[in-house]
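If you want the building blocks of each chain, they are given just below.
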Number of protein chains: 2
Amino acid sequence: MALIKKPVTGMKDILPEEMKIREYLMSVIRDTYAGYGFSSIETPCVEHIENLLSKQGGDNEKLIFKIMKRGDKLDLGGAKEENDLADSGLRYDLTLPLARYYSNNSASLPSPFKALQIGSVWRADRPQKGRFRQFTQCDIDILGEAGNIAEIELILATTQALSRICPGKRFEVRVNDRRILKGMADWAGFAEEDVPAALIILDKMDKIGIGGVKAELKEYGFSEESAEKYTALLGELGSDAAAVERLPEQTGGCVAQEVSENLCEIMRTVDACRSSGFGLVFDPTLVRGMGYYTGTIFEVSMEGFSGSVAGGGRYDRMIGKFTGSDTPACGFSIGFERIITILSDSGFRVPEEAEKTAFLYEKNIGAERLKEILEEAERLRAQSGHKVLVAKMNKNKKFQKEQLAAEGYGEFREFYREALKQ
Amino acid sequence: MALIKKPVTGMKDILPEEMKIREYLMSVIRDTYAGYGFSSIETPCVEHIENLLSKQGGDNEKLIFKIMKRGDKLDLGGAKEENDLADSGLRYDLTLPLARYYSNNSASLPSPFKALQIGSVWRADRPQKGRFRQFTQCDIDILGEAGNIAEIELILATTQALSRICPGKRFEVRVNDRRILKGMADWAGFAEEDVPAALIILDKMDKIGIGGVKAELKEYGFSEESAEKYTALLGELGSDAAAVERLPEQTGGCVAQEVSENLCEIMRTVDACRSSGFGLVFDPTLVRGMGYYTGTIFEVSMEGFSGSVAGGGRYDRMIGKFTGSDTPACGFSIGFERIITILSDSGFRVPEEAEKTAFLYEKNIGAERLKEILEEAERLRAQSGHKVLVAKMNKNKKFQKEQLAAEGYGEFREFYREALKQ
């Protein structure tokens, strides 16, 4: 029986054209982040099943590709449930493995540690257009830094990277703080245990608007008064640092002074230091799904693209799950696949660095002549740095040259059996 | 309960220092291969279980990390054996996925297609020093080219890459042909069905010597005469192209004229064209384990390192397993992890391209002062291309600077609360 040609469901073969864009993006991103002192690291793609199922991954935990135990450890007869058969799984993000990595290696790492991780992650999501089960994430994180210089540097570096890889595209960074979300909900009269449910509704703001949020809050069973109070405050808040500054007073102290000051400082410092142009706004409706965030959260939207192209925040309590004592941590992740989509859709082409020359030789040219051609190709590579492709001439030479021209070959040389005909 | 800090058994966290070497190597390798017209591609890390178990992977098939079916497809009660529970697994090499990729995408690819693939593979091998269950392979392959220009270009490109990444290290390329192995065995009188067993013994030559091979052949039950005849021929063969040229006559035509001519041409052309210095020899004892090879095979050994650092060969019948019609194919793989070991052991350091400056600021320096420092860092990055790390001064500043110097920071600037003290 013939083997299966298609990739496994939801995963894809990457063709040379897309690979070029991917490699170019990665090198610009690496360069940019290295400029800010971030160090590349790598964690295994396979992670302990216990860590993957530890409630640090929200809904992603339902989407794990689980890896079966091997040898004697696999007890088919004795297994009562799925997890008895698995000892590991493919990572669904880069944050949990990073927390493990830091816990395991902190003695060998500088403090604070500025990490850059670019790698594949896997989620057994329902396949759909533009969404794959294996995709690349690109994260920077600062571990061991409690001060807001972490947030400031993450925003400066990420926006710098975005403006280099998407030149001419306008984008906006929206910031908020989990403690502001909680403070505003307290002030509006939501009970502590109801806050998560309220935030899930708030998170739909971009889809259903402020009226929709109010309606859903009431529908869910929250009091008329709380829903009104909450949405009224949301409606009258501004989006600049001054709006953040006013929050403690507006909420009768439910949003703490230090929380407000912290976010103001981040916004004002980023505003003063940035070398690239982008919008920076306070967005009191920004929630971000993951349960592990403890403070500042941020997200980037780009013109012409719905949804976010980057996001992150502070998660000061994840590393403690490994070590027993909390370590401050903050990260920002670029949605690598979304950037690829944006660039591909806009006809982006990678700037070629080297000249590309194709040597086309006649079929059955003979070993002696071929040797001369290959020698000439080696010389050209060594002397001029040209990329040189040596290829047999096709019957349809015109079409072959057009194809090669599309791949960036700008110069052609033809070789025939008789040197004179060259 | 605390989460698990160590990586899963046999896999490793890669620290910044090693990552630097890895990224440097990959970029030199990519550059070199691009110079020969190879195009980067990527296949998913996850492959169909049917493909992985299709006998294209030799012993590696016993070492597959299998991925469990999900949802309704996972039938715990009905599963009679392991493979009823798995629908996919992690790839154990890059060759099988490449053959699938080519079969799936050949309509969109040039012919012949020159592919470069750098990626992780996984094998559930018994963990041991220097051997990991996730490791990187780095393969170039030429698909759709039946002529020996494929072998010639693969050897030229791979040796060029090796001489760039291991400058000053001497290495030797050994070549052979599966059809020569078969022809010599025929001539010595081994029955066709016994050839694989004889080759397994021959493959031990580097460990047990020619005497050991003779003894094992007899011990296995081969006739005294065949064992003598075979080892006598091995003993008198030279290692240059002329030795290959004599084979058809020496073996009474058991090694075909065209097979001998083909390998001679490869050796003589590579000799004439190579721009880097390395040994190139015919090695009639070179076998290479994988069953899929059909013609030329090659391997590279490097001084000071036992075992091979690169290997490959022609496998003209794998793609046909997917498409139903054979496509010529030939590949060469660099043992990426071995090169890393060789370089790390010899104290290799990556050449730094950009100047690295560290800005150290006093604790509690205040938001206003910190803003000035960050602005200055952005200016320096933009103007001079310096890499600039902004970090809080540690109590033990001397040690902090020593650590940073080891990371390549050559310039330090210190910032204090009072600008005057700078």
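The paragraphs below set out a description of the structure included in this document.

Observations regarding the packing of helix α4 (residues 149–165) of chain B against helix α10 (residues 257–273) of chain B
The geometry of a pair of packed helices is captured by two quantities: the angle between their axes and the separation between those axes.
All names here are of chain B.
Next up, step 1: It is at 10 Å that the axes of α4 and α10 come closest, and there the two elements cross at 40 degrees. In terms of their interaxial angle, α4 and α10 are classed as oblique. The interaxial crossing formed by α4 with α10 has right-handed handedness. On α10, the residues that touch E151, I152, I155 and L156 of α4 are I266, T269, V270 and C273.

Quick word on the relation of the copies chain B and chain A
Next up, step 1: You can overlay chain B on chain A at an RMSD of 0.1 Å; the transform is a turn of 180 degrees with a shift of 0.0 Å along its axis. As the rotation angle and translation indicate, the two copies are arranged about a two-fold axis. Identified as the residue of chain B closest to the rotation axis by C-alpha distance is I67(B), at 2.2 Å.
Next up, step 2: Counting the interface residues of chain B, we find that 100% of their copies in chain A are interface residues as well, pointing to one common contact surface.

Focus on the interface of chain B and chain A
Next up, step 1: Between chain B and chain A, the contact holds 77 residues from the first and 77 residues from the second.
Next up, step 2: In terms of residues, the side of chain B that touches chain A owes the most to one element, helix α13 (residues 367–384) of chain B, which gives 8 residues.
Next up, step 3: Looking at the side of chain B that touches chain A residue by residue, the classes come out as 38 nonpolar, 19 polar and 20 charged.

Details of the nonpolar core
Next up, step 1: Counting 99 residues, the largest nonpolar core has Y33(A), M267(A), I339(A) and F359(B) as its most contacted members.
Next up, step 2: A total of 10 residues in this core trace back to one element, the largest contributor, which is helix α4 (residues 149–165) of chain A.
Next up, step 3: Those residues in contact with Y33(A) that lie beyond four places of it in its chain are F38(A), L116(A), I140(A), A157(A) and A161(A).
Next up, step 4: Of all hydrophobic cores here, the second largest spans 97 residues; its members include I29(B), F171(B), L217(B) and M318(B).

Comments concerning the sheet that holds strand β5 (residues 113–122) of chain B
All names here are of chain B.
Next up, step 1: The 8 strands lie next to each other as β1-β5-β6-β11-β10-β9-β7-β8, forming an open sheet whose pairing is mixed. Two strands in the sheet have a free side with no partner beyond their single neighbour: β1 (39–40) and β8 (279–282).
Next up, step 2: Judged from the 7 bridges that link them, strand β7 (residues 171–177) and strand β9 (residues 296–302) form a sheet pairing that is antiparallel. Looking across to β9, one finds that F171 is bridged to M302.
Next up, step 3: Here helix α5 (residues 178–188) sits on the sheet in contact with β7 and β9, set at roughly 55 degrees to β7.

Considerations on the packing of helix α6 (residues 195–202) of chain B against helix α7 (residues 205–220) of chain B
All names here are of chain B.
Next up, step 1: The N-to-C vectors of α6 and α7 enclose an angle of 145 degrees; their axes lie 8 Å apart at closest approach. Along its contact with α6, which presents A197, A198, I201 and L202, the element α7 presents M205, V213, E216, L217 and Y220.
Next up, step 2: In the contact of α6 with α7, the residues fall into 8 nonpolar, no polar and 1 charged.

What to know about the pairing of strand β4 (residues 86–90) of chain B
Residues and elements named next belong to chain B.
Next up, step 1: Judged by how many residues are buried, β4 sits mostly within the fold: 4 of 5 residues are covered.
Next up, step 2: Sheet analysis places strand β2 (residues 46–48) next to β4, joined by 3 bridges and oriented antiparallel. Paired with V46 across the two strands is L90, which belongs to β4.
Next up, step 3: As paired strands, strand β3 (residues 66–68) and β4 are joined by 3 bridges and run antiparallel to one another. Counted as the bridge partner of M68 is A86 from β4.

Rules behind the numbers
Residues numbered from 1 in each chain as written. Chains lettered and ligands numbered in written order. Predicted model: local features only at pLDDT ≥ 70, side-chain atom pairs only at ≥ 80, totals over all residues. Axes fitted to C-alpha atoms, helices over the stretch in contact; angles between N-to-C directions. Helix = DSSP H or I, 4+ residues; strand = E, 2+ residues; numbered from the N terminus. Parallel < 35°, antiparallel > 145°, perpendicular 65-115°, else oblique. Left-handed = near helix turned anticlockwise from the far one by under 90°. Contact = placed C-beta atoms within 7 Å. Least-squares fit on C-alpha atoms with pLDDT ≥ 70 in both. Nonpolar A, V, L, I, M, F, W, Y, C, P; charged D, E, K, R; others polar. Core = buried A, V, L, I, M, F, W, Y, C linked by C-beta atoms within 7 Å. Buried ≥ 20, exposed ≤ 12 C-beta atoms within 10 Å, placed from the backbone. Pairing = 2+ DSSP bridges.

Everything listed is a geometric property; what it means functionally is a separate question.
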